Amino acid sequence: MKSFKSLALLLVMGILVVFAAACGGGASTEEDTNTGSGDTTEETALEGSVVIDGSGTVYPFMAKMAENYMIENEEVSVEVSRAGTSAGFEKFLAENGTDFNDASREIKEEETAKAEELGIEVKEFQVALDGLTFVINKENDWATEMTQEEVVKIFLAEGGVTKWSDINPEWPAEEIKPMGPNENHGTNEFMFETIMEEKEFVDTVNLQQEYSTLVDLVSKDKNAIAFFGYGYYDSNKDKLNAVNVDFGNGPVAPSLETIGLGEEAAYNPFTRPVFTYLNVGMAKEKPQVLDYAIYTMENAQDVAAETGFAPLKDEVIQESISYLEGLK
């Protein structure tokens, strides 16, 4: 009888222990709460891809931005290509197109119309300022300074300039080799439409798709002169020299200090904003695209300076960030 009572007591105690454990399962430490699914849930990690194409001029800026972003967001792949502004818009304005298109000119009316036709909501963001730069061979020690009119005449069909001596009789009577980016690039369009006022290029101009090709060609030919964005000159100063341009108040060297849109900027006539265009629908659909857009504008000033661009005014940056934050 005594053993029966002991067995019963043990059974009761076992039931109580199980019951207590079950009840205790609802309690948690502070550490447990932070990793559970209550009010303090962790933010979902970003993943997936961001696809960018477009301007070769903007490429160094965006490639550096993507590199920095992926260090902080290892599960996101940011793919940056450089087909050129116009070719990039063709990829951007298509079904299942790219998320961003970098551009060294503003979007055209026909491109805007195509976006509307496809139901693509497009948002323009200025990301930096660039200075159109004319570069010459290191051995060219005569054309280091020219007026705005003289340097533009070299590229004009009606300019009447074929030899250096046509600009200055004291310069060599050797044929000038004008070069630049081809029609896929917004820099070509900026040169043609804004600087040359839509007058035809000289027949001898050598237009290339790759900026690296232009750098190589000019570095090997003392009679070559090419135009492209300041950033490519800045990263190739060991191979090229820049022409100092006289806009009426003495020769001005392109630099981060002289490039700007304001009247106080000495290189103002050859300055332009550069852009990235966002597919707003993609930003709303894919969190990583919106996050990358915000990151780009938040870091635009620093990356611009690192890659040969002049920074925008702070209010322009803040306006862009506010718009993007509103898409969340």
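Keep in mind the model is a prediction, meaning the values are calculated, not measured.

This part covers the overall build of the protein. The secondary structure content of the protein amounts to 13 helices and twelve strands. Looking at the protein residue by residue over its 328 residues, the buried ones come to 45%. Across the protein, the fraction of contacts at a sequence separation of at least 24, relative to all contacts at a separation of at least 6, is 73%.

Going through the model one piece at a time under the given rule, you end up with 23 aromatic pairs. Between Phe 100 and Tyr 292, the aromatic rings sit 5.8 Å apart at their centres with planes inclined by 75°, giving edge-to-face as the arrangement. On the criterion of sequence distance, the pair formed by Phe 100 in strand E3 (residues 100-103) and Tyr 292 in helix H11 (residues 287-298) is long-range, its members being 192 residues apart. Each member of the pair, Phe 100 as well as Tyr 292, carries the same accessibility label: buried. Ring geometry for Phe 155 against Phe 227: centres 5.4 Å apart, planes inclined by 85°, an arrangement best described as edge-to-face. Pair noted here: Phe 155 is in the loop between helix H6 (148-153) and strand E6 (177-181) and Phe 227 is in strand E8 (residues 224-229), with a separation of 72 residues, a long-range link. Phe 227 carries the same exposure label as Phe 155, and that label is buried. By the ring-pair criterion, three or more aromatic residues cluster together here, those being Phe 134, Phe 155, Phe 192, Phe 201, Phe 227, Phe 247, Tyr 267 and Phe 270. Directly above the ring of Tyr 59 sits Arg 82, whose terminal nitrogen or CZ lies 4.3 Å from the centroid.

Across the interface, helix H3 (residues 59-72) lies against H11 with an axial gap of 11 Å and an inter-helix angle of 115°. Between H3 and H11 lies a crossing whose hand is right-handed. Contact residues: H3 offers Phe 61, Met 62, Met 65, Ala 66, Asn 68, Tyr 69 and Glu 72, while H11 offers Gln 288, Asp 291, Tyr 292, Tyr 295 and Thr 296. By residue class, the composition of the contact of H3 with H11 is seven nonpolar, three polar and two charged.

The buried count for E8 comes to six of six residues, which makes it a mostly enclosed element. By the bridge criterion, five bridges tie strand E4 (residues 122-137) to E8 in an arrangement that is antiparallel. Bridge pairing in E8 links Ile 136 to Ile 225. In the sheet, E6 pairs with E8 via three bridges, with the strands oriented parallel. Residue pairing in the sheet places Lys 177 in a bridge with Ala 224 of E8.

With that settled, consider the pattern of salt bridges. Enumeration over the complete set of coordinates arrives at twelve salt bridges. One salt bridge in this structure joins Lys 286 and Asp 99, with 3.1 Å as the shortest N-O distance. Remark: Asp 99 occurs in the loop between helix H4 (85-92) and E3 and Lys 286 occurs in the loop between helix H10 (280-285) and H11; sequence separation between them is 187 residues. Relative accessible area serves as the criterion here: at 1%, Asp 99 is assigned to the buried category. The partner of Lys 284 in a salt bridge is Glu 121, and the shortest N-O contact between them spans 4.0 Å. Taken together, the positions of Lys 284 in helix H10 and Glu 121 in the loop between helix H5 (109-118) and E4 put the pair 163 residues apart, joining distant regions of the chain. Its relative accessible area of 55% is what places Lys 284 among the exposed residues. Classification of Glu 121 by relative accessible area gives partly exposed; the value is 42%.

Our focus in this paragraph is unusual backbone geometry. What is expected of a backbone is that most residues other than glycine have negative phi and most peptide bonds are trans. Phi is positive for Asn 96, which is not a glycine, with a value near 55°. Structurally, the position occupied by Asn 96 is in the loop between H4 and E3. Although it is not a glycine, Glu 197 sits at a positive phi angle of roughly 55°. Within the secondary structure, Glu 197 sits in the loop between helix H7 (186-195) and strand E7 (206-208).

Moving on, we get to the environment of Phe 192. Its place among the elements puts Phe 192 in helix H7. Residue Phe 192 is classed as partly exposed on the basis of its relative accessible area, which comes to 21%. Placed 36 residues apart in sequence, Phe 192 and Leu 156 show a C-alpha to C-alpha distance of 9.3 Å. With residues near it in sequence (within four places) discarded, Phe 192 still touches Glu 197, Glu 198, Lys 199, Glu 200 and Phe 201.

Moving on, we get to the pairing of E6. Among the five residues of E6, four are classified as buried, and the element is accordingly described as predominantly covered. On the question of chirality, the crossover connecting E6 to the parallel E7 by way of H7 is right-handed.

Let us look at the sheet that holds strand E11 (residues 251-252). In spatial order, the strands read E5-E10-E11; together these three strands make up an open sheet with mixed pairing. A single partner strand is all that each edge strand has here, and the edge strands are strand E5 (145-147) and E11.

Conventions adopted
- Numbering of residues starts from 1 in every chain and runs along the sequence as written.
- For a predicted model such as this one, the threshold for reporting local features is a pLDDT of at least 70, and the threshold for listing and counting side-chain atom pairs is 80 or more; totals across whole chains, interfaces and linings nevertheless cover every residue.
- Where side-chain values are given, they derive from all heavy atoms of the structure, hydrogens and water being excluded.
- Here a strand is any run of E in DSSP of at least two residues, a helix any run of H or I of at least four, and the numbering for each starts at the N terminus.
- Burial classification: accessible surface area is computed with a 1.4 Å probe over protein chains only, and a residue below 20% of its type maximum counts as buried, one above 50% as exposed, and the rest as partly exposed.
- Contact criterion: two residues are considered in contact whenever any of their non-hydrogen atoms come within 4.5 Å of each other.
- Ring geometry is summarised as follows: Phe, Tyr and Trp rings, the Trp one being its six-membered ring, pair when their centres sit within 6.5 Å, and such pairs are stacked at plane angles under 30 degrees, edge-to-face over 60 and tilted between the two.
- Here, a charge over a ring is recorded when the distance from Lys NZ or Arg CZ to the ring centre is within 6 Å and its angle to the ring normal is within 35 degrees.
- For helices, the fitted line uses only the C-alpha atoms of the stretch in contact; every axis is such a line through C-alpha atoms, and the angle between N-to-C directions lies from 0 to 180 degrees.
- The sense of a crossing depends on the near helix, which, turned anticlockwise from the far helix by less than a right angle, makes the crossing left-handed and, turned clockwise, makes it right-handed.
- Charged residues are taken to be Asp, Glu, Lys and Arg, nonpolar residues to be Ala, Val, Leu, Ile, Met, Phe, Trp, Tyr, Cys and Pro, and polar residues to be all remaining types, Gly included.
- At least two DSSP bridges between two strands are needed for those strands to be called paired.
- Should a side-chain nitrogen of Lys or Arg be within 4 Å of a carboxyl oxygen of Asp or Glu, the pair is scored as a salt bridge.
- Seen with its strands pointing away from the viewer, a crossover is right-handed when the path leading from the first strand over the helix to the second is clockwise.

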